Amino acid sequence: MSTLLTLVKGGFMKTQLWVMTVLITFLVASGQANASEREVSKHQVPQSVLEAFEKAYPDAKEVEFEKEMIEGKAVYEVEYKENNSKYEILYDSDGVILQKEETIDVKALPEPVVRAIFKEYPRATIEEAEKVMKPDGMVTGYEVEIKADGKKLELELDTQGKILKTEQD
């Protein structure tokens, strides 16, 4: 009996150690992911990005820049306002647009997206919404900020309402 108890305790301790290792690894990795997004000044943005942005959006207001690392490559997000709308454009370091986002009224979200959110989070409040587009303007999905059970979450959904990613703010 004492051998069985020792084996059970040993297995339990190994499981606890494994769970703690996974948890610590996750926390460190998520900290590094957040650290890779940082606000930068206009002078820290490559000239190719600035020229592409300023040529395409000469009337942009309240312009802000962020540098991010995606798959080991530096990309630059430009946030701005134009015609009472808020936009984010993601550029590679050569000034090529990778993705666009436009803030939209939450009432403009497609029905399948809204249905998927409330199926997964029945008591959610949708606080903000953005449509995600390819450089040509084709909508590829939505980013939605919700408040559910006292938590703020950011959801990424495809155009059919499938939740692709969930992050806690």
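See above for the structure.
Small disclaimer: the values here were computed from a predicted structure and weren't measured. (Residues numbered from 1 in each chain as written. Predicted model: local features only at pLDDT ≥ 70, side-chain atom pairs only at ≥ 80, totals over all residues. Heavy atoms only, no water.)

Go over the overall build of the chain, please, and point to the residues and values.
Broken down by element type, the chain carries 3 helices and 9 strands. When the elements of the chain are put in sequence order from the N terminus, they spell out α-β-α-β-β-β-β-α-β-β-β-β. The proportion of buried residues among the 169 residues of the chain is 31%. When contacts within the chain are restricted to residue pairs at least 6 apart in sequence, long-range pairs at least 24 apart make up 36% of them. For the chain, the accessible area works out to roughly 11,600 Å², and carbon and sulfur atoms hold 54% of it. (Helix = DSSP H or I, 4+ residues; strand = E, 2+ residues; numbered from the N terminus. Buried < 20%, exposed > 50% of the residue type's maximum accessible area, 1.4 Å probe, protein only. Contact = heavy atoms within 4.5 Å. Areas by Shrake-Rupley, 256 points an atom, 1.4 Å probe, with all protein chains shown as cover.)

Residue-level account of the nonpolar core, with values.
Core analysis: the biggest nonpolar cluster contains 17 residues, and Leu109, Ile117, Tyr121, Val144, Ile146 and Leu157 have the highest contact counts within it. Secondary structure elements with two or more residues in this core: α3 (111-120), β6 (125-133), β7 (139-148) and β8 (151-158). Here isoleucine 146 is in contact with Ile117, Tyr121, Ala124, Thr125, Ile126, Glu127, Lys151, Lys152, Leu153 and Leu155, once residues within four sequence places are set aside. Counting 14 residues, the second-largest nonpolar core is a separate cluster that includes Leu50, Tyr80, Tyr87 and Ile89. (Core = buried A, V, L, I, M, F, W, Y, C linked by side-chain atoms within 4.5 Å.)

Any details on the pairing of strand β5 (residues 97-104)? Residues and values, ideally.
Looking at chain direction, strand β4 (residues 85-92) and β5 are connected through 5 bridges and run antiparallel. Bridging across to β5, leucine 90 finds its partner in glutamine 99. In this structure, the hairpin formed by β4 and β5 is closed by a connection of 4 residues, where glycine 95 is found at a positive phi of approximately 90°. Taken together, the 5 bridges between β5 and β6 define a ladder with antiparallel strand orientation. Paired with threonine 103 across the bridge in β6 is glutamate 130. (Pairing = 2+ DSSP bridges.)

Tell me about the pairing of strand β2 (residues 61-70), residues and numbers included.
As paired elements, strand β1 (residues 38-40) and β2 share 3 bridges and run antiparallel to each other. Paired with arginine 38 across the strands is lysine 67, a residue of β2. In this sheet, strand β3 (residues 73-82) lies alongside β2 in antiparallel orientation, the contact comprising 8 bridges. Among the inter-strand pairings, lysine 67 is bridged to a residue of β3, identified as tyrosine 76.

Lay out the pattern of salt bridges in plain terms, naming residues and giving numbers.
Across all of its chains, the model carries 7 salt bridges by this definition. Salt-bridge contacts for lysine 131 lead to glutamate 102; the nearest nitrogen and oxygen are separated by 3.8 Å. Note that lysine 131 is positioned in strand β6 and glutamate 102 in strand β5, a separation of 29 residues in sequence. The exposure class of lysine 131 is partly exposed, given its relative accessible area of 23%. Residue glutamate 127 pairs with lysine 152 through a salt bridge whose shortest N-O separation is 3.7 Å. With glutamate 127 in strand β6 and lysine 152 in strand β8, this pair connects stretches of sequence that are 25 residues apart. (Salt bridge = Lys/Arg side-chain N within 4 Å of Asp/Glu carboxyl O.)

Which residues make up the environment of glutamate 68, and what values do they have?
Mapping glutamate 68 onto the fold places it in strand β2. Measuring from C-alpha to C-alpha, the distance between glutamate 68 and glutamate 37 comes to 4.5 Å, with 31 residues separating the pair along the chain.

Take it as geometry only, folks, not as evidence of what the structure does.
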